[in-house]
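Take a look at the letters that make up each chain.
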Amino acid sequence: MSAQNLNLAMWQADPATVESKVFLRQTLGLTAAEVSRTVHLPGKGSGFVHAHRRNEELYIVTHGHGWLYIDGAEIPVGEGNVFRISAEGRRAIRAADDSTLIYYCVQADAGSLVQSTRDDGYKLAEKASWMKE
Ligand code: ZN
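Residues numbered from 1 in each chain as written. Predicted model: local features only at pLDDT ≥ 70, side-chain atom pairs only at ≥ 80, totals over all residues. Heavy atoms only, no water.

Caption draft 1: Structural context of the pattern of salt bridges. Summed over the entire model, instances satisfying the criterion amount to six salt bridges. Of the charged contacts in the structure, one is a salt bridge between Asp109 and Arg54, with a shortest N-O distance of 2.3 Å. A residue pair is termed long-range when its members are at least 10 positions apart, and Asp109 in strand S8 (residues 101–109) and Arg54 in the loop between strand S2 (34–40) and strand S3 (55–63) qualify at 55 residues. When its relative accessible area of 25% is taken as the criterion, Asp109 is described as partly exposed. For Asp71, the salt bridge identified is with Arg90, shortest N-O distance 3.6 Å. One end of the pair, Asp71, is in the loop between strand S4 (65–70) and strand S5 (73–78); the other, Arg90, is in the loop between strand S6 (82–85) and strand S7 (91–95), and 19 residues separate them in sequence. Overall, the relative accessible area of 41% leaves Asp71 in the partly exposed class. (Salt bridge = Lys/Arg side-chain N within 4 Å of Asp/Glu carboxyl O. Helix = DSSP H or I, 4+ residues; strand = E, 2+ residues; numbered from the N terminus. Buried < 20%, exposed > 50% of the residue type's maximum accessible area, 1.4 Å probe, protein only.)

Caption draft 2: Summary view of a nonpolar patch on the surface. Residues Leu6, Leu8 and Met10 make up a contiguous nonpolar surface patch of about 330 Å² in total accessible area. With respect to the element layout, Met10 can be found in the segment before strand S1 (20–23). Classification of Met10 by relative accessible area gives exposed; the value is 69%. (Patch = residues over 30% accessible without salt bridge, like charges linked within 9 Å, V, L, I, M, F, W, Y side chains within 5 Å. Areas by Shrake-Rupley, 256 points an atom, 1.4 Å probe, with all protein chains shown as cover.)

Caption draft 3: Highlighting the packing of aromatic side chains. A full pass over the atoms with the stated rule returns two aromatic pairs. Aromatic pair Tyr59 and Phe83: ring centres 5.2 Å apart, planes at 15°, arrangement stacked. Of this pair, Tyr59 sits in strand S3 while Phe83 sits in strand S6, placing them 24 residues apart in sequence. For the pair Tyr59 and Phe83, one class covers both residues: buried. (Phe/Tyr/Trp six-rings, centres within 6.5 Å; stacked < 30°, edge-to-face > 60°.)

Caption draft 4: Here's a closer look at the side chain of Glu57. Tracing the sequence through the fold places Glu57 in strand S3. A polar atom in the side chain of Glu57 sits 2.6 Å from the side chain of Tyr59. For Glu57, the side chain forms a polar contact with the side chain of Arg91, separated by 2.6 Å. Each residue touching Glu57, except ones within four places of it in the same chain, is listed here: His50, His52, Phe83, Arg84, Ile85, Arg91, Cys105, Val106 and Gln107. (Polar contact = N/O pair within 3.5 Å; in protein donor to acceptor, adjacent residues only side chain to side chain. Contact = heavy atoms within 4.5 Å.)

As structure tokens, then:
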């Protein structure tokens, strides 16, 4: 089966860590969320505090550690942390002086999810190669 026939869109992060933000909605053809990957080099971070009109954000820290500014407080964040920020949350993120910080951010319209995996997913009869009969 060729890749064109799969219900799949894939992107590969650049292993080189340069200060960057990559938005994936268009690349992956996402229709229900925006996803971005951000790399902040040691001591670098968001150049401004921001909030959103509609979208809540889910942050997934995949590498390093740093600081989250949220509503006037600054709290440490690091690899493995997953956190949601309400649309109106005033936020900014920076890497610690001794660490590159890499995180993904998923933006979705707050309150738009009317069901989730256990209601939406359903089992099929077909098997992958690693599944026993
Ligand atoms: Zn945002």
